[in-house]
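What the coordinates show
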Amino acid sequence: MDKFSVYVPKLLPQDERFVSGRRSCKGCGKALAARLVTKAADAAVISEEVLKARFPELVSLNAQSYALDDVTCDATLKKLLASIDHINASAAQQTKTNHKLIKKAIVGINRQVFMSDYLALSQLFQQRKEALYVCFDNERSIDTLISKAAPKPFILAEDRHPVSNEDIARILQEKQIPPVVAEAGFSYTATACSSLPFDLIDKVKKGLACSGNAFILVLTPCPTGWVFAPEKTIAVGLKAVQTGYFPLYEISDGSLRITERLQKQKPVQEFLMAQKRFIAFPPKLIPAVQAAVDAVYADLLQKEQ
Amino acid sequence: MKKQNTPNEQLLASVTTNFFSNEDWRFEKPVWDNQKCIRCGVCGLSCPDGAIFQNGEGYYEADETYCKGCGLCKQQCWTGCISMEPYAEPPPWLALVRKIRS
């Protein structure tokens, strides 16, 4: 956390709208990001009592998302679209005297949905509902790369397709979702990280204030999946930003702006070696990762001008 | 075939399911040294569970039913006033595991 922001937490709303409990692991980056989003949204979050009275299905949507064997994707999508409609309608009905102004519906998406259910998601985006989509990315996509790049097991003769530099470049390029989404007609798209809370809160507020759809991709370090100690969640996320592995930028109305500039770019090796899942990653491939990261950042710098 | 719940039952289940206690998986708890604490609130912001709150004097405390003992608050503290202390009583499942192992 930056030195200047030591006392800034005092300016944030003190109300806690995040429901604590056992749905997340120790030191979960995704839970931290979700909590920061609820803090930023503040008045935009509708209380559960209102929902119970007027729209009970929305409350049960959360519980149903855990039981995926019962609910097909279409049914979930229909409920989601209906709930966005309901929130937008109630936002239009509000008077100025109402303290809890509802601005926009916020939809949390897992990044894995982009891989497994791309059609459903494109269907959701085509609806042109006015909402803020927050996508939490805990980098499951890198796990396949690691397992492919790992050396062969002892004695076992196993043929694997060797990982090439192009594969690594493609996977890192696929992570750049915001420019693609911006082309689809979203008025505000951005990337953020749960390790930089004020940046994330600022972007969520911008996404709520803009007219039209908004999309934010949030990097959420995962102590269980990435294999590191739970107290290092924020430090690992900072390394991802400082090495240029996950550059922070925003695109509003077609113009791109980098929000966290790399003054002294650290080598990517620092970020990779902070996680124990990269322990069997061959060192000869690390220059390829560095080259891919540099290419993505150079591309962003070019787009900014 | 699974029993289909009515919407009201689903609603009840979403409200009454006991998500709300982490008492049985924690080993350590954060303890604040109030003489060093500058009451900045960085620990409360960095807690993934929202388990840190301000008491009447303005100092910070952890809610023991929600705190998982991850230690992020200790790592983020500027003055180093937070230390992790183990609980006097181990979680109840640990005794069961030890019994099975022996």
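Everything in this summary refers to the structure shown in the same document. (Residues numbered from 1 in each chain as written. Chains lettered and ligands numbered in written order. Predicted model: local features only at pLDDT ≥ 70, side-chain atom pairs only at ≥ 80, totals over all residues. Heavy atoms only, no water.)

A word on the overall build of chain B. Of the regular secondary structure elements, chain B holds 4 helices and 4 strands. For chain B, the N- to C-terminal ordering of α and β elements is α-β-α-β-β-α-β-α. With 102 residues in all, chain B has 39% of them scored as buried. Summarising the internal contacts of chain B: among those between residues at least 6 apart in sequence, 64% fall at separations of at least 24. As displayed, chain B offers around 6400 Å² of accessible surface, 54% of which is attributable to carbon and sulfur atoms. (Helix = DSSP H or I, 4+ residues; strand = E, 2+ residues; numbered from the N terminus. Buried < 20%, exposed > 50% of the residue type's maximum accessible area, 1.4 Å probe, protein only. Contact = heavy atoms within 4.5 Å. Areas by Shrake-Rupley, 256 points an atom, 1.4 Å probe, with all protein chains shown as cover.)

Before going further, it helps to spend a moment on the packing of aromatic side chains. What characterises a pair of aromatic rings is the spacing of the ring centres plus the angle enclosed by the ring planes. All names here are of chain A. In this structure the tally under the stated criterion is 5 aromatic pairs over all chains. Relative to Phe-228, the ring of Trp-226 lies with its centre 6.2 Å away and its plane at 65°, an arrangement referred to as edge-to-face. Neither residue differs from the other here; Trp-226 and Phe-228 are each classed as buried. When the centroid spacing of 5.3 Å and the interplanar angle of 85° are considered together, the rings of Phe-278 and Phe-281 count as edge-to-face. (Phe/Tyr/Trp six-rings, centres within 6.5 Å; stacked < 30°, edge-to-face > 60°.)

Here the focus is the nonpolar core. Side chains of a nonpolar character, in soluble globular proteins, are inclined to be buried together. Residues and elements named next belong to chain A. If you look at the biggest cluster of nonpolar residues, it comprises 49 residues, and the most contacted ones within it are Tyr-133, Ile-168, Phe-215, Tyr-245, Phe-281 and Val-289. With 5 residues, the top contributor of residues to this core is helix α14 (residues 286-304). In contact with Ile-168, other than residues within four places in its own chain, are Leu-145, Val-163, Leu-285, Ala-288, Val-289 and Ala-292. In terms of nonpolar packing, the next biggest core, distinct from the first, is built from 25 residues, Leu-12, Val-37, Ile-201 and Ile-234 among them. (Core = buried A, V, L, I, M, F, W, Y, C linked by side-chain atoms within 4.5 Å.)

Right, let's get into the environment of A:Phe281. All names here are of chain A. Structurally, the position occupied by Phe-281 is in the loop between α13 (268-273) and α14. By relative accessible area, which is 4% here, Phe-281 ends up buried. Once the C-alpha coordinates of Phe-281 and Lys-148 are considered, the two residues, 133 residues apart in sequence, prove to be 9.3 Å apart. Residues in contact with Phe-281, not counting those within four places in the same chain, are Leu-145, Ala-149, Ile-286 and Val-289.

Bringing the pairing of strand β4 (residues 214-219) of chain A into the picture now. All names here are of chain A. Among the 6 residues in β4, 6 count as buried, and that is most of the element. Burial of the side chains of β4 extends over both faces: Ala-214, Ile-216 and Val-218 are buried on one face and Phe-215, Leu-217 and Leu-219 on the other. Taken together, the 6 bridges between strand β2 (residues 131-137) and β4 define a ladder with parallel strand orientation. Following the sheet pairing, Leu-132 is matched in β4 by Ala-214. Pairing geometry for strand β3 (residues 188-193) and β4, over 6 bridges, is parallel. Each bridged residue has a counterpart across the sheet, and for Ala-192 the counterpart in β4 is Val-218. (Pairing = 2+ DSSP bridges.)

Going through the model one piece at a time under the given rule, you end up with 13 salt bridges over all chains. A salt bridge links A:Glu174 to A:Arg170; the shortest N-O distance between them is 3.2 Å. Taken together, the residues span about one helical turn, with A:Glu174 and A:Arg170 both in helix α8 (residues 165-174) at a distance of 4 residues. The exposure class assigned to A:Glu174 is partly exposed, which follows from its relative accessible area of 44%. Notably, a salt bridge pairs B:Lys68 with B:Asp49, separated by 3.0 Å at the nearest N-O pair. On the criterion of sequence distance, the pair formed by B:Lys68 in the loop between β3 (60-62) and α3 (72-76) and B:Asp49 in the loop between α2 (42-46) and β2 (52-54) is long-range, its members being 19 residues apart. A single burial state applies to B:Lys68 and to B:Asp49, both of which are buried. One salt-bridge network, in which partners are shared between bridges, spans A:Asp137, A:Glu139, A:Arg140, A:Asp143, A:Lys175 and A:Arg277. (Salt bridge = Lys/Arg side-chain N within 4 Å of Asp/Glu carboxyl O.)

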